[in-house]
Amino acid sequence: MKKNRAFLKWAGGKYQLVDDVRHHLPAGECLIEPFVGAGSVFLNTEYRSYILADINNDLIELYNIVKLRTNDFVRDARVLFSGEYNNAERFYLIRQEFNTSKDAYRRTLLFLYLNRHCYNGLCRYNLKGEFNVPFGRYKKPYFPEAELYWFAEKAQHATFICEHYQQTLLKATCGAVVYCDPPYAPLSTTANFTSYHSNNFTMEDQQNLARLAHQLFSQNQIPVLISNHDTELTRAWYYQAILHQVKARRTISSNILGRHKVNELLALYS
């Protein structure tokens with residue numbers, strides 16, 4: 001089966017793991033994702049409907065605009081991918097405009113531009129909630145037109161919501177399947193990437209997510225699949241789940257030689 005790429009670059013995106021995730025996801029009517037990120041699992045599964053949530057409001061606004069105003073968005077976003085916008089001076093002006101703009105539609109255009117032109121496609125905010133990733137210095141950033149149209153087509157069967165993961169999990173009803181891709185637990189004390197939004201995803205959140213997953217299945221028979229790094233800690237959190245180990249290539253390192261394969265866990269409550 002052909003794999004479909006997301007239109008955003010995303011640290012921790014699941015494109016490389018899609019086949020493994022799809023293999024372990026149970027059948028159901030509706031797939032619920034409390035941490036949708038770039039949406040690779042959504043784009044490569046065939047459920048009747050989707051509830052896709054994230055704590056990042058910029059991301060959810062973008063997805064709703066792409067869903068509802070696809071042609072306008074593609075036309076207007078394409079302009080920002082011409083050569084005159086691919087330099088540090090324009091990048092920092094656009095980043096500043098993004099951080100001060102109150103125009104929802106304009107912000108979505110700028111968000112896609114920043115995602116494709118910033119360093120490593122990272123999405124990071126400072127304590128004031130300002131996007132602060134530096135210029136990426138790419139020769140010719142890719143404009144993901146085909147990926148945008150595929151996303152928009154799939155999005156007609158999806159509801160996008162900005163909310164806390166616990167609220168999303170409480171929406172699960174009979175016939176739903178839940179896939180959770182939380183910010184990963186660090187492999188070491190120097191590799192903590194859980195501050196991907198202005199809200200930290202703490203150890204307590206990790207444990208709470210595991211408790212909620214167990215509760216959803218044991219009390220409501222709603223299956224839940226969670227992905228995370230394979231560590232002693234994650235194995236302890238997910239002790240009530242069926243654990244599957246998979247290999248994944250790390251893509252967060254700026255040094256391509258550092259993008260080695262690591263073990264990840266798929267924890268299935270089913």
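Residues numbered from 1 in each chain as written. Predicted model: local features only at pLDDT ≥ 70, side-chain atom pairs only at ≥ 80, totals over all residues. Heavy atoms only, no water.

**Regarding helix α9 (residues 203-220)**
And then number 1: A rise of 1.5 Å per residue sets the reference length of α9, with its 18 residues, at 26 Å; its end C-alpha atoms lie 25 Å apart and thus fit the reference within 8%.
And then number 2: For α9, the secondary structure elements touched by its buried residues are α8 (165-169), β4 (176-180), β5 (224-229), α10 (232-237) and β7 (261-269).
And then number 3: One or two residues past the end of α9 sits Gln221, with phi positive at roughly 55°. (Helix = DSSP H or I, 4+ residues; strand = E, 2+ residues; numbered from the N terminus. Expected span 1.5 Å × (residues − 1). Contact = heavy atoms within 4.5 Å.)

**Description of the UniProt feature "binding site: S-adenosyl-L-methionine" (unreviewed entry) in the chain**
And then number 1: The residues that UniProt annotates with the feature "binding site: S-adenosyl-L-methionine" (unreviewed entry) are Trp10, Lys14, Asp54 and Asp181.
And then number 2: Take Trp10: it is sitting in the segment before α1 (18-24).
And then number 3: Take Trp10: its relative accessible area is 14%, and that puts it in the buried class.
And then number 4: Along the chain, the position of Lys14 falls in the segment before α1.
And then number 5: Classification of Lys14 by relative accessible area gives buried; the value is 7%.
And then number 6: Apart from the residues lying within four places of it in its own chain, the contact partners of Lys14 are Ser40, Val41, Tyr179, Asp181, Tyr184, Ser227 and Glu264. (UniProt positions renumbered as here; feature names shortened; annotations may be inferred. Buried < 20%, exposed > 50% of the residue type's maximum accessible area, 1.4 Å probe, protein only.)

**Considerations on the pattern of salt bridges**
And then number 1: Throughout the structure, instances matching the rule amount to 12 salt bridges.
And then number 2: In this structure, the salt-bridge partner of Lys14 is Asp181, at a minimum N-O distance of 3.2 Å. Of the two residues, Lys14 is situated in the segment before α1 and Asp181 in the loop between β4 and α9; the sequence distance between them amounts to 167 residues. Accessibility classification places Lys14 together with Asp181 in one group, the buried group.
And then number 3: Note that Arg75 is salt-bridged to Asp72, the shortest N-O span being 3.2 Å. Of this pair, Arg75 and Asp72 both sit in helix α4 (residues 70-79), 3 residues apart, which is roughly one turn of the helix.
And then number 4: Overall, Asp72 belongs to the partly exposed group, its relative accessible area being 26%.
And then number 5: In the salt-bridge network here, residues are joined through shared partners; they are Arg69, Asp72, Arg75 and Asp76. (Salt bridge = Lys/Arg side-chain N within 4 Å of Asp/Glu carboxyl O.)

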